[in-house]
Amino acid sequence: MPLDSIAEILASCSERNLAFWQVVLEADVEERQVTAEASFEKMRATWRAMLDSAESYDGGLRSVSGLSGGDGELMRRYAAGGSALGGGYISEVIATALCVGESNACMRKIVAASTAGACGVLPAVLVPLYRRGEREEDILRALYTAAGIGAVINSRASISGAAGGCQAEIGSASAMAAGALVSLRGGTNEQIGHAVAIALKNLMGLVCDPVAGLVEVPCVKRNVIGAVNAISAADMALAGIESRIPVDEVIDAMGEVGRRMPVEFRETALGGLAATPTGKAVKERMPHGAQ
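Residues numbered from 1 in each chain as written. Predicted model: local features only at pLDDT ≥ 70, side-chain atom pairs only at ≥ 80, totals over all residues. Heavy atoms only, no water.

A. Quick peek at the packing of helix α5 (residues 87–105) against helix α6 (residues 121–131). Packing of α5 against α6 leaves a shortest axis separation of 8 Å and a crossing angle of 125°. Classified by the angle their axes make, α5 and α6 are oblique. By crossing handedness, the relation of α5 to α6 is classed as right-handed. Within the contact between the two elements, α5 uses Y89, E92, V93, T96, A97 and V100 and α6 uses P123, A124, V125, V127, P128, L129 and R131. Taken together, the residues of the contact of α5 with α6 break down into ten nonpolar, one polar and two charged. (Axes fitted to C-alpha atoms, helices over the stretch in contact; angles between N-to-C directions. Helix = DSSP H or I, 4+ residues; strand = E, 2+ residues; numbered from the N terminus. Parallel < 35°, antiparallel > 145°, perpendicular 65-115°, else oblique. Left-handed = near helix turned anticlockwise from the far one by under 90°. Contact = heavy atoms within 4.5 Å. Nonpolar A, V, L, I, M, F, W, Y, C, P; charged D, E, K, R; others polar.)

See the structure below:
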C-alpha cells in the first residue's frame, strides 16, 4: 500500500491485526521488490550507520566555517558529571543530538532522517536507549515505524526546509522519533499517531533561517529541540493523552503553513537569525569556500 496516510496505515493495522512497523515493512517489500529479510538487512545497515555517526564523534573536529564543533563534547562532559537538570537519559539525548549534528557540519557520515539537517534527532532518542540495553531488533522495528511516518509526511506535506521551513525538517524528524519511541515502548498503533500529531503541532511554523546559508546555526541545536520534543510527545501519547486534531490533518496543516511561509524563512538565509546584524557579520567573514 502507498504510505500517504497515517489513517490508512492504522486502518490496515486494525483490519489485519498488524503492528504499524509491519505495514511499513510490507510497503517497502512491495515497492522495492525485495524479501522481508533483505529489507531488514537494509534497515540494519542504516541503523548501524546511524549508531556509528554518534559513536565516532570527534569533539576535536571543527567545521570549515568554524561555527560547529566541540559542543557535543562539552555536553557529554556535563552529562557525565551528573548535575544535568534533565537527568541521565535526557542529557544523553541532548549530547547525542549535538554530536551527530556537528558530525554532519564537519562532513562526517550521517543518516539523513528525515534530512541531513535533522540527522541528529532519531539517533539522539534511540542510541542512548540502545546503550541501556534495548535490543537491536526492537530498534529496527521502531525505525520502520519512523520511516513510515516520514514517508507520509513527505507525501502529504514536505520534509524540505526550502519548501516548508524547519518545521518540515526538524518537525518531521521529531514526529518520526516520537512514533519510534511509542513503538519501542509497546504503545498502541493509535498512540503512535497521537505522538506524531503532538510532535508536529509543537513545532508547527518553525522557520528555516540558516546563518550564512550553512546547515549549522541554528540547525545543530534545533536537533536537540526536535529530540526532546519527541520524548515529551511520546510520553504524552503513552500516558493516554490524545491529539484533538487527527494526525493526517495536522500533517496537512503543516504543509499549508509551509506553502504560505515567506520565502525569507525557507532556507534562503534572508530572514530570521540569518538576517540579524551578527548573522550578517558571520556571513561576511566566512571564507568564500565555506558559503
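B. Just the environment of A54, in detail. Tracing the backbone shows A54 in helix α3 (residues 36–55). On the basis of relative accessibility, which here comes to 0%, the residue A54 falls in the buried class. Between the alpha carbons of A54 and G120 there is a distance of 8.5 Å; along the sequence they are 66 residues apart. Ignoring any residue separated from it by four or fewer positions in sequence, one finds A54 in contact with R76, T96, V100, V127 and R131. (Buried < 20%, exposed > 50% of the residue type's maximum accessible area, 1.4 Å probe, protein only.)

C. Quick look at the packing of aromatic side chains. Across all of its chains, the model carries three aromatic pairs by this definition. Each ring, one from W47 and one from Y130, has its centre 5.4 Å from the other, and the planes form 75°; the classification is edge-to-face. A residue pair is termed long-range when its members are at least 10 positions apart, and W47 in helix α3 and Y130 in helix α6 qualify at 83 residues. The exposure class assigned to W47 is buried, which follows from its relative accessible area of 0%. (Phe/Tyr/Trp six-rings, centres within 6.5 Å; stacked < 30°, edge-to-face > 60°.)

D. Spatial organisation of the side chain of T96. Tracing the backbone shows T96 in helix α5. The contact partners of T96, leaving out residues within four places of it in the chain, are A54, P123, A124, V127, P128 and R131.

E. Spotlight on the packing of helix α9 (residues 166–184) against helix α10 (residues 189–203). Between α9 and α10, the least distance of the axes is 8 Å, while the angle of their chain directions is 150°. Classed by the angle they form, the pair α9 and α10 counts as roughly antiparallel. Both α9 and α10 take part in a crossing whose hand is right-handed. Side by side, α9 and α10 meet where Q167, I170, G171, S172, S174, A175, A178, G179, V182 and S183 of the first sit next to Q191, I192, A195, V196, A199, L200 and L203 of the second. Looking at side-chain class alone, the contact of α9 with α10 contains ten nonpolar, seven polar and no charged residues.

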